[in-house]
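# A closer look at the structure
Read off the chains here:
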Amino acid sequence: MSLRLSLVLVCSSCLPAFGQAAAPIPGAPFSSDIVTIHEKTQADGEITETRDLERIYRDSSGRLRQEPTSEVAAHPGPKRPVVMINDPVAGIFYLLEVSRKIAHRAVIPKPPDGSHSFTIYSIPYQENDGTYPTAKPDVKFESLGSQTMQGIEVVGRRTTTTWSAESQRAGKDLVSVEEMWISNALGMAPLIKRADFRWGTDTQQLENIQREEPDASLFVVPADYRIVDMDPGIPPQ
């Protein structure tokens with residue numbers, strides 16, 4: 001596994017369930033809340049909802065900070081909450097463990113084509129436990145045009161994935177629909193929706209978007225943190 005891919009996998013461990021991260025674009029500072037909502041209808045008809053909240057910052061240099069701010073994200077346990085700092089200027093990526101005051105550090109390799117390493121526009125599905133269809137589905141893409149969200153121009157697209165009744169044992173067509181509205185200015189999708197026949201409904205939205213320069217201290221490791229160099233292929237223990 002390459003170093004670049006390993007860093008993306010480590011980074012995704014501190015992101016919301018959608019796995020969306022901003023691109024380190026210089027000259028486009030902003031900050032925003034990332035609200036992620038998951039709804040699922042249980043066998044008895046009850047609808048359960050989980051909600052997660054994170055905060056993301058990017059300065060004019062393209063430096064990024066993303067941190068959990070909700071009670072759900074702050075629960076202690078094997079998946080400890082971490083703060084991500086991606087500094088493309090210094091070529092360094094940090095995972096900060098706030099509870100232990102440890103900064104896990106890794107070098108960010110620069111792609112030869114000059115592209116951004118941490119742009120992720122995807123919603124990963126959970127692992128197949130044997131009940132998810134394995135047959136090849138029919139995939140349809142639709143353009144939703146453009147509109148303005150919170151004063152920002154976005155372009156929408158819809159992806160509909162269908163497993164026909166004949167291709168699996170459910171006895172009916174199984175459908176998953178994903179709608180994504182992407183802002184080139186932000187390098188993120190201010191709104192993503194997914195309705196999946198098995199996992200339920202997921203919505204991720206950027207709220208309280210501010211285009212001002214964030215405080216520079218947000219992108220610096222605090223002086224009282226211990227810095228530990230990270231093996232790029234192994235998440236921090």
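Residues numbered from 1 in each chain as written. Predicted model: local features only at pLDDT ≥ 70, side-chain atom pairs only at ≥ 80, totals over all residues. Heavy atoms only, no water.

### Quick notes on the overall build of the chain
Within the chain, the secondary structure is distributed over one helix and 12 strands. Taken from N to C terminus, the helices and strands of the chain fall in the order α-β-β-β-β-β-β-β-β-β-β-β-β. In the chain, which comprises 237 residues, the share counted as buried stands at 44%. A sequence separation of at least 24 residues applies to 56% of the contacts in the chain between residues at least 6 apart. (Helix = DSSP H or I, 4+ residues; strand = E, 2+ residues; numbered from the N terminus. Buried < 20%, exposed > 50% of the residue type's maximum accessible area, 1.4 Å probe, protein only. Contact = heavy atoms within 4.5 Å.)

### Some points on the pattern of salt bridges
All chains considered together, the criterion is met by 10 salt bridges. In this structure, the salt-bridge partner of R65 is E67, at a minimum N-O distance of 2.7 Å. Assessed through its relative accessible area of 15%, E67 is described here as buried. Here R100 and E97 are joined by a salt bridge, their closest N and O atoms 3.0 Å apart. Take R100: its relative accessible area is 42%, and that puts it in the partly exposed class. Take E97: its relative accessible area is 2%, and that puts it in the buried class. Taken together, the salt bridges that share partners define one network made up of E142, R158 and E179. (Salt bridge = Lys/Arg side-chain N within 4 Å of Asp/Glu carboxyl O.)

### A closer look at unusual backbone geometry
Within the chain, Q150 stands out as a residue other than glycine whose phi angle is a positive 55°. Looking at the secondary structure, you find Q150 in the loop between β7 (138–149) and β8 (152–163). Positive phi outside glycine occurs at N208, with the angle close to 55°. Note that N208 resides in strand β11 (residues 200–210).

### Some thoughts on the sheet that holds strand β2 (residues 47–58)
Reading across the sheet, the 12 strands line up as β7-β8-β9-β10-β11-β1-β2-β3-β4-β5-β6-β12 and stay open at both edges, with mixed pairing between neighbours. Edge positions in the open sheet fall to β7 and β12 (226–229), since each of these has one partner strand only. Pairwise comparison of adjacent strand axes, ignoring direction, gives a mean angle of 20° for this sheet. Where strand β5 (residues 92–97) meets strand β6 (residues 102–107), six bridges bridge the pair, whose relative direction is antiparallel. (Pairing = 2+ DSSP bridges. Axes fitted to C-alpha atoms, helices over the stretch in contact; angles between N-to-C directions.)

### Digging into the nonpolar core
Membership of the largest hydrophobic core comes to 17 residues, with the highest contact counts inside it found for L186 and M188. Counting only elements with at least two residues in this core, the list comes to β1 (30–41), β5 and β11. Core analysis: the next-biggest nonpolar cluster, separate from the first, contains eight residues, Y94, L96, V221 and Y225 among them. (Core = buried A, V, L, I, M, F, W, Y, C linked by side-chain atoms within 4.5 Å.)

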